[in-house]
Amino acid sequence: MRFNDALSGFVLLALAVFVWATAAGFPKLTGAPYGAAFFPQVLAVLLGLAALVLIFRGIQAWRNGEAVIQAGAWVRNPARWLGLGLIIGALLLYSGISASLGFHVTVFLIAAVLMIYLGVRVWLALLVAVIAAITLWLFFARVLLVPLPGGVLTSILW
Amino acid sequence: MRGMKALFTGLAAGISAVALFATTAAQAAWPERPVQVIVPWAAGGGTDATGRIIAKMLQDEFKQPFNVVNRTGGGGVVGHAAIAQAPADGYTIGVMTIEIGTFKWLGQSNLSGAKDFTPIALYNFDPGAFYVAADSPFKDAKDVINALKTNPRVYKLASGSSVGGAWHMAFGSLLLKVGIDPGQFNWIASQGAAPALQELVAGGTDIVPCSLPEAKALLDAGKIKAMAVLNTERLPAYPNVPTSKEAVGVEVQAGAWRGIGGPKGMPEEATKKLIAAMEKIHKSEEFRKFMADRGFGLMWKAGPDFAKFMEESEAESGQVLKAIGLAKSS
Amino acid sequence: MDVLGNAFDLILDPYVLAVVALASVFGLFVGAMPGLSATMATALLVPVTFFMPPVPAIAAIVSCTAMAIFAGDIPGALLRIPGTPASAAYADESYRMTKNGQANVALGAGLVFSILGGLVGVAVLILGAPVLAEFALNFSSFEYFWLALLGLTCSVFITPQSQVKGMVALLLGLLLSCIGIGTTSGHPRFTFDNLELMGGVPLIPALIGMFALPEVIRYVLSEDRHLPLTQRRFGKILAPQLDLLRRYWRGLVRGSLMGTVIGAMPGAGADIAAWVSYALSKKFSKTPEKFGHGHPEGIVESGASNNAALGGAWIPALVFGIPGDSITAIAIGVMFMKGLTPGPMIFMNNPEMLYGVFFAFILANLLLLPFGWAAIKSAGYLLAVPRPILMPLILLFCIVGAFASNNTVFGIMTMLALGLIAYLMEENNFPVAPIILGLVLGPMLEENFLNSMQKTQGDLIGFINRPIAGTLGVLTILLWLSPLLMRLWRNVRVQPRTS
């Protein structure tokens, strides 16, 4: 999805203004010539200038007939939106319920659903997802002691 | 095999989506499953090292895994908050450090060591010391204090830690005790003792406070000189470094401490067992040798004593931070 | 000689050899997995090394990182996802070579020149450790400020697209680095009262989010999903390297030495070494126009550079206990845990242990040849996995990696947010690599500037009146002005002819 540079420019300009304004509220350090606000505000000014250049270029390109938004072919395909939704959903799902559901179950669900969506045969998807969940768990949780949540399987695993 | 069977059982449960309602653990003697030990500092640091040896010894004691989890960031705020906000079921404890008493004053969080945690045991105290470069005109601590008294604006003091960190405060309390206002100095923040000491050698600063083990490499190399240690007595490993009392005539005990704590409201059974186990560990030859080899000092306060210690530490931190001019108004 | 003999015995112990071999396989695996970095491999090793004697513990870290830094090239060349940040500088270049049917040359160059660069780094470490560290020890905040600025300047200069967009990306990275509690001020900035944000934007999740996640998103949104994007079988890996060696030996020497020096500088590691060397290679090349279209010259130089940096980073770490990069920062911690205080005394008290580490370095680099060759060969099989299966698995790795960096789902949320932003940015021709560089160097830039100003009470003269700082400053400013100067120079030369 490609936006005209002027649009990116306006978003960045807004960000620069926001950073400047927020930083203005930072306290001064006692006895220091430059405080906590100095660095972000310098960055905000530079970002604002870069944004102006982008806006200028974008408007020129628009005058020369560039579309404001050029979308890829996938935008009109609901199945692609579903795919994007699945990825975002998978990460949100993991963040939200892995602690209670457990690493293996969550990871199995994510892998199986995504693979089936991408056209892998169901039995193969389920098999790979089970193997992936077990391997990742054994490697990271048991060998490297990463505290992956046990969830519903906690009491069975230990 | 146990794992395989468990996985298949669990996966079946997952598919049929009834998983959320499974297993409410039957009441059994604590601990019946692995315990998480949160360390608010990075893997490889001093707090991490002591946390790991304690976790290993607790594991041997209770025959259950005690897994160390590093939760770093924000000068310890993130990890301490993770301990405080964990479920108070006895399966999450953590290492608490002196910084817990500063968050409130620095406006970083409302956490309070004495109020928001279940105190278990304090096991370590490392007094601060302060150093000058080998080629510095200062010969001893008296020189330093006199110079700071007469020309406060000339000298550059490193904080030896982040702003408001342990060594910053330790040196601040020494200055308060000898009657110098620490607020008038030119404090230079650093990302810990090593870069601060390097700056000292490079001539970027004049005085650096930090612990003696942290400065050992440069002391041995003859690049820096130790002026005084902020403790009631000399450290056995550094018999040549005078105490502040000997050097400038005021007794100061200031530095960094570490202890074990858990979220507020932990089951009494778990707390009691942990305190007993910690006492055993603290007395053990293995632990004492580990701490001595790495230059860590020992201190012991359990349960309510530890809470009282944290309360005092917090009050003292507030006093020093206000004097330095860092504490938010309150 | 007795010391060397003892050190040999230490390193040739079957237990140590087994540890080195296992750590090597682990390093290759983690390095080759997009989103899992060499630093993370080291961090994940710490709990395992905790129960080992000092020599195998250090040897494990050394061999694991040497393997991981090379292995990072593999997904870089085959998927355009750098396996570690140190491969990011030339991932695009080697991917283009793969598209031109030269994956064997690109990966072989990565392997052979990693080994040569690595060996140069070790040689310098062994011979020049005390001298170089002494030099770096004289750096104060003024010098570090210039060093950080120099690194950032390079990142904008190597932007292949519009430099304004490279600048925007860099500024966004620097702004991200402002989030959290600053060490200089102690004040929480842009945290929106979120506790996790007080710790700042975590680097590893950010890296995974910006380099790995957009790849998965792009794949899911692409129309033709079953196109095999990469080559599975390769031609001769090692044979073409002789020719490259003959043609680009200057680049090899320059890259190895540059990498060692940058590695030895505290705070700058393999990733910055690779960026700088890639830029230098382009600058000194006879055919700079070929860069970016699948040209091995830059891979030779920066591939050697990032592995040389590993050895370089150990110089200040061993001699003075000051880490040269994030990996040695962890390694120093491990040494402390073993009761070994890095410092000049270690040369007197535990010389066999020190030489053990040196031998471990040489061993790891020699082992890299067969192990790396095998890894490249099997990478073909790894990527023969159909992409509808591979992509969800990569997503799982992203999840585990983002989580394990600080053991919190906040890492996963960070990865998601930055991944979506990076995807949109890349669609709009904004480069994402400068964001990472900004994120890494931002604190170094700000803290060293503020600390310097604190020391001089606001007087800017300190940045130029120290000899090393002044030199670095002049270098940086010349680099800034170089496009302008070049244009002027060209105009002067062209004008007489046109008028």
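Remember, it's a predicted structure, so these values are computed and weren't measured experimentally.

## Comments concerning the nonpolar core
Buried together is how nonpolar side chains tend to be arranged in soluble globular proteins.
Inference 1: By size, the foremost hydrophobic cluster in this structure holds 197 residues, and its most contacted members are L148 of chain A together with W314 of chain C.
Inference 2: Looking at this core element by element, the count peaks at 13 residues for helix 19 (residues 387-404) of chain C.
Inference 3: Looking at this core, you find at least three residues from each of domain 1 (2-70) and domain 2 (74-157) of chain A.
Inference 4: For L148 of chain A, the residues in contact, after removing those within four places along its chain, are Y94, F103, L136, W137, F140 and A141 of chain A together with F403 of chain C.

## Observations concerning the pairing of strand 4 (residues 117-133) of chain B
Residues and elements named next belong to chain B.
Inference 1: Of all 17 residues making up strand 4, 17 are buried, and the element is well covered by its neighbours.
Inference 2: In the sheet, strand 4 pairs with strand 9 (residues 255-263) via nine bridges, with the strands oriented antiparallel. Across the sheet, the residue bridging to L122 is G259, located in strand 9.
Inference 3: Here strand 4 pairs with strand 10 (residues 298-302) via three bridges, running antiparallel. Its bridge partner being in strand 10, N124 is matched across the sheet by L298.
Inference 4: Here strand 4 runs beside strand 8 (residues 224-229); their pairing, made up of five bridges, is antiparallel. Pairing of A133 across the sheet is with I224, part of strand 8.

## Side note on empty space enclosed by the protein
Residue and element names in this part refer to chain C.
Inference 1: Inspection of the entire model under this criterion finds six cavities of 30 Å³ or more.
Inference 2: Empty space within the second largest cavity amounts to approximately 70 Å³.
Inference 3: P85, A88, L207, F211, D271, W275, A433, I436, L437 and V440 together form the lining of the second largest cavity.
Inference 4: Only helix 11 (203-211), helix 14 (270-284) and helix 21 (433-456) provide two or more residues apiece to the lining of the second largest cavity.

## Some thoughts on the domain arrangement of chain A
Inference 1: Structurally, chain A comprises domain 1 (2-70) and domain 2 (74-157).
Inference 2: Computed from C-alpha atoms alone, the centre-to-centre distance between domain 1 of chain A and domain 2 of chain A is 38 Å.

## Re the pattern of salt bridges
Inference 1: Taken as a whole and assessed by the stated rule, the structure comprises 24 salt bridges over all chains.
Inference 2: Between K272 of chain B and E268 of chain B there is a salt bridge, with the nearest N and O atoms lying 3.4 Å from each other. Here K272 of chain B pairs with E268 of chain B, and both are found in helix 10 (residues 268-283), just four residues apart, close to one helical turn. No difference in accessibility class separates K272 of chain B from E268 of chain B, as the two residues are exposed.
Inference 3: One salt bridge in this structure joins D243 of chain C and R247 of chain C, with 3.0 Å as the shortest N-O distance. Taken together, the residues span about one helical turn, with D243 of chain C and R247 of chain C both in helix 13 (residues 239-264) at a distance of four residues.
Inference 4: Judged by relative accessible area, D243 of chain C falls into the partly exposed class, the value being 29%.

## A look at the environment of E312 of chain B
Inference 1: Tracing the sequence through the fold places E312 of chain B in helix 12 (residues 303-324).
Inference 2: Along the chain, E312 of chain B and G101 of chain B lie 211 residues apart, while their C-alpha atoms are 8.9 Å from each other.

The rules behind each value
Residues numbered from 1 in each chain as written. Chains lettered and ligands numbered in written order. Predicted model: local features only at pLDDT ≥ 70, side-chain atom pairs only at ≥ 80, totals over all residues. Heavy atoms only, no water. Core = buried A, V, L, I, M, F, W, Y, C linked by side-chain atoms within 4.5 Å. Buried < 20%, exposed > 50% of the residue type's maximum accessible area, 1.4 Å probe, protein only. Helix = DSSP H or I, 4+ residues; strand = E, 2+ residues; numbered from the N terminus. Domains from an automatic or database assignment. Contact = heavy atoms within 4.5 Å. Pairing = 2+ DSSP bridges. 1 Å grid on protein atoms, 1.4 Å probe; cavity = no way out; pocket = protein on both sides within 12 Å on 5 of 7 lines; lining within 4 Å. Points joined across faces, edges and corners; volume = space filled by probe spheres on them. Salt bridge = Lys/Arg side-chain N within 4 Å of Asp/Glu carboxyl O.

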